[in-house]
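Chain by chain, the residues:
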Amino acid sequence: MIQMTLEFSGEIIYWRGPAPYYFVAVPPEQSSDIKAISGLVTYGWGCIPVYARIGATEYKTSLFPRNGGYVVPVKDAVRKAEALGQGDLVTVRLEIR
C-alpha cells in the first residue's frame, strides 16, 4: 500500500474556469515526489485522491495536474471554517493513502 505525507505552504489562488474554485499550488519538489507514485494512485486524468488539512480542518479531495505540477482544491467549507480568502498564505498537509 502506498502512503505519503507532505506539508508545504502556499498562497490561495482563484481560478475562474467553468466552475470557479480556489486552489493552492503544490511546490515543484513535492510535485516531483507525487509524480513518482502517480501511476499507482491516480484514478484517471491524472487526479490523485488525498486527505488535506488546512488549519484545523481536514477534508477529502483530489489533486489536479496543472502546469507540470499539481494544485489542491480549497473547498468553500474549508475557506469559511478557517476564515480564508484569495491571496492568503496557508500551510497544507497532504496524505496520500
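What counts and what doesn't
Residues numbered from 1 in each chain as written. Predicted model: local features only at pLDDT ≥ 70, side-chain atom pairs only at ≥ 80, totals over all residues. Heavy atoms only, no water. Pairing = 2+ DSSP bridges. Helix = DSSP H or I, 4+ residues; strand = E, 2+ residues; numbered from the N terminus. Axes fitted to C-alpha atoms, helices over the stretch in contact; angles between N-to-C directions. Contact = heavy atoms within 4.5 Å. Buried < 20%, exposed > 50% of the residue type's maximum accessible area, 1.4 Å probe, protein only. pLDDT = per-residue confidence, 0-100. Core = buried A, V, L, I, M, F, W, Y, C linked by side-chain atoms within 4.5 Å.

Enquirer: Can you help me understand the sheet that holds strand E6 (residues 89–96) in this one?
Expert: The strands that make up a sheet are held in pairs by hydrogen bonds between backbone atoms, and each pair lies either parallel or antiparallel. The sheet built from six strands closes into a barrel, its strands ordered E1-E2-E5-E4-E3-E6 with antiparallel pairing. Strand after strand, the sheet turns through a mean of 45 degrees between neighbouring axes, direction not considered. Two strands pair when backbone bridges link them, and strand E1 (residues 4–15) and strand E2 (residues 21–25) are joined in this way by four bridges, in the antiparallel orientation. Residue pairing for E2: Ile13 is matched across the bridge by Phe23. Most of the contacts of helix H1 (residues 28–41) go to E1, to which it runs at about 105 degrees, and overall it touches E1, strand E3 (48–54), strand E4 (57–66), strand E5 (69–73) and E6.

Enquirer: Please explain the pairing of E3 as it appears in this structure.
Expert: The two faces of a sheet get side chains in turn, since along a regular strand they alternate between them. On E3, burial follows the alternation: Ile48, Val50, Ala52 and Ile54 on one face are buried, whereas Pro49, Tyr51 and Arg53 on the facing-out side are not. Of the pairings in the sheet, the one linking E3 to E4 comprises seven bridges and is antiparallel in character. When the bridges of E4 are listed, Val50 appears paired with Thr61. The loop that links E3 with its antiparallel partner E4 comprises two residues; one of these, Gly55, has a positive phi angle of about 60 degrees. One ladder, built from four bridges, connects E3 with E6; its direction is antiparallel. Across the sheet, residue Tyr51 finds its bridge partner in E6, namely Glu95.

Enquirer: Explanation requested: the confidence of the model for the protein chain in the structure shown.
Expert: Where the model shows low pLDDT, its predicted coordinates should not be examined in detail. In this model, the protein chain carries a mean pLDDT of 94, and residues with pLDDT of at least 70 account for 100%. In the model of the protein chain, H1 stands out as the element of lowest mean pLDDT, 95, in contrast to E6, which has the highest, 98.

Enquirer: I'm lost on the nonpolar core in this one. Help?
Expert: Generally speaking, nonpolar side chains in soluble globular proteins are found buried as a group. Residues Ile34, Leu63 and Leu94 are the most contacted members of the largest nonpolar core, which totals 25 residues. Those elements giving two or more residues to this core turn out to be E1, E2, H1, E3, E4, E5 and E6. In this structure, Ile34 is in contact with Met4, Leu6, Val26, Ile48, Leu63, Tyr70 and Ile96, ignoring residues within four places of it in sequence.

Enquirer: Teacher, can you tell me more about the environment of Gln86 here?
Expert: Tracing the chain through its elements places Gln86 in the loop between helix H2 (76–82) and E6. Taking the C-alpha atoms as reference, Gln86 lies 9.9 Å from Val24; in sequence the two are 62 residues apart. Once you skip the residues sitting within four places of it in the chain, Gln86 turns out to touch Ile12, Tyr14 and Tyr22.

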